[in-house]
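Chain and residue survey
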Amino acid sequence: MFEVNHMVVLAGPPACGKSTILTRIADGELPDLPAKLGIDDFPAWTQLAAKELKAVDSPRLDKVIYHYDFLRQWRQAQGGDVPDYIDDPTLRIFEHARDLTFVTCWTQPTELLERVNARTGRRLFSTMRSMRLLRTLKIRRRLRRQQSLYGDRAAMTARYEQWLAFCARFQARAHYILDTTPANPTVHPLSDWATIRA
């Protein structure tokens, strides 16, 4: 595993806006956000997702934004018991970061459900047009399961709580909650979590 001087973990469920936030920062649409999150020299940061970690061939990276879908374990469980985050080998990278900052994206559950429905609907339409029946059925099953979770506020909050508890195991510089519900995301300290989720 490679070493990282400073890692910012941008985490949240699918459709909460992780990729959109990074794209908007790169396009200069959110000029104040990078400094608030500690990534003010944005072009200098390497962006990585879990599936890209094995491809890194350098022993050390200076600045990394780690894009993490915190429902990854839940999706892989396929309805069985959901493994704890400690069982996800891609998160061992945290132990190799000298400086660690967590940014957890929060979107109000009703908005999150609307986003995932729109996103999956587009994917289904594209797949159906190409006549890939098995792929279409797989996406439909995943959509129903995701809709069930996203529609259950208590269950979704529990996934967040589990993630926040896991992050607390590490000595981080800071942990922010990024509310991605509004068009212009707002940054909050972790201490605001109880108020934000209400």
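Please refer to the structure placed before this passage.
So, here's what we can say about the structure. (Residues numbered from 1 in each chain as written. Predicted model: local features only at pLDDT ≥ 70, side-chain atom pairs only at ≥ 80, totals over all residues. Heavy atoms only, no water.)

Turning to the overall build of the protein chain, a few remarks are in order. Check the secondary structure of the protein chain and you find seven helices and six strands. Each helix (α) and strand (β) of the protein chain, taken in turn from the N terminus, gives the series β-α-α-β-β-α-β-α-α-α-β-β-α. The buried share among the 198 residues of the protein chain stands at 44%. Long-range contacts, defined here as pairs at least 24 residues apart, represent 71% of the contacts in the protein chain between residues at least 6 apart. (Helix = DSSP H or I, 4+ residues; strand = E, 2+ residues; numbered from the N terminus. Buried < 20%, exposed > 50% of the residue type's maximum accessible area, 1.4 Å probe, protein only. Contact = heavy atoms within 4.5 Å.)

Attention now goes to the pairing of strand 3 (residues 60-69). Bridge count for strand 1 (residues 3-12) against strand 3 is nine bridges, and the pairing is parallel. Paired with Val 9 across the bridge in strand 3 is Tyr 66. Judged from the four bridges that link them, strand 2 (residues 46-49) and strand 3 form a sheet pairing that is parallel. Residue Gln 47 lies in a different strand from strand 3, and its bridge partner there is Ile 65. (Pairing = 2+ DSSP bridges.)

A few words on the sheet that holds strand 5 (residues 174-179). On the basis of which strands lie adjacent, the open sheet formed by six strands has the order 2-3-1-4-5-6 and mixed pairing. Edge positions in the sheet fall to strand 2 and strand 6 (186-189), since each has one partner strand and no second. When strand polarity is set aside, the average angle formed by the axes of neighbouring strands in this sheet is 25 degrees. Its contacts with the sheet put helix 1 (residues 18-26) on strand 1, strand 2, strand 3, strand 4 (97-106) and strand 5, and the angle it makes with strand 3 is roughly 135 degrees. Here helix 6 (residues 153-167) sits on the sheet in contact with strand 1, strand 3, strand 4 and strand 5, set at roughly 170 degrees to strand 4. (Axes fitted to C-alpha atoms, helices over the stretch in contact; angles between N-to-C directions.)

Of note in this structure, Ala 15 is not a glycine but carries a positive phi near 80 degrees. By the secondary structure assignment, Ala 15 is in the loop between strand 1 and helix 1. Owing to a relative accessible area of 8%, Ala 15 belongs among the buried residues under this scheme.

In this section: helix 6. The first and last C-alpha atoms of helix 6 sit 21 Å apart over 15 residues, in line with the 21 Å expected at 1.5 Å per residue. For helix 6, the set of buried residues is Met 156, Thr 157, Arg 159, Tyr 160, Trp 163, Leu 164, Phe 166 and Cys 167. (Expected span 1.5 Å × (residues − 1).)

Three or more residues of helix 1 are buried, namely Lys 18, Ile 21, Leu 22, Arg 24 and Ile 25. Take helix 1 and look down its axis: the buried residues cluster within an arc of 165 degrees, on one side only. Where the residues of helix 1 are buried, they touch strand 1, helix 2 (33-37), strand 2, strand 3, strand 4 and strand 5. (Arc of directions from axis to C-beta.)

Of all the 10 residues making up strand 1, eight are buried; the element is thus mostly covered by neighbouring parts of the structure. For strand 1 and strand 4, the ladder comprises seven bridges, and the chain directions are parallel. Paired with Val 9 across the bridge in strand 4 is Phe 102.

Inspection of the entire model under this criterion finds zero disulfides. Among the cysteines around Cys 16, which has no disulfide bond, Cys 105 carries the closest sulfur, lying 4.3 Å off. (Disulfide = S-S within 2.5 Å.)

On the secondary structure map, Phe 166 appears in helix 6. With a relative accessible area of 6%, Phe 166 lands in the buried category. With 82 residues separating them along the chain, Phe 166 and Asp 84 place their C-alpha atoms 8.5 Å apart. Discounting chain neighbours no more than four positions away, the residues touching Phe 166 are Asp 84, Tyr 85, Ile 86, Leu 91 and Phe 94.

On the secondary structure map, Asp 87 appears in the loop between helix 3 (72-77) and strand 4. Overall, the relative accessible area of 47% leaves Asp 87 in the partly exposed class.

What follows concerns the environment of Thr 186. Structurally, Thr 186 is set in strand 6. Those residues within four positions of Thr 186 in sequence are excluded, and the remaining contacts are Ile 177, Leu 178 and Asp 179. A polar side-chain atom of Thr 186 sits 3.0 Å from a polar atom in the side chain of His 188. (Polar contact = N/O pair within 3.5 Å; in protein donor to acceptor, adjacent residues only side chain to side chain.)

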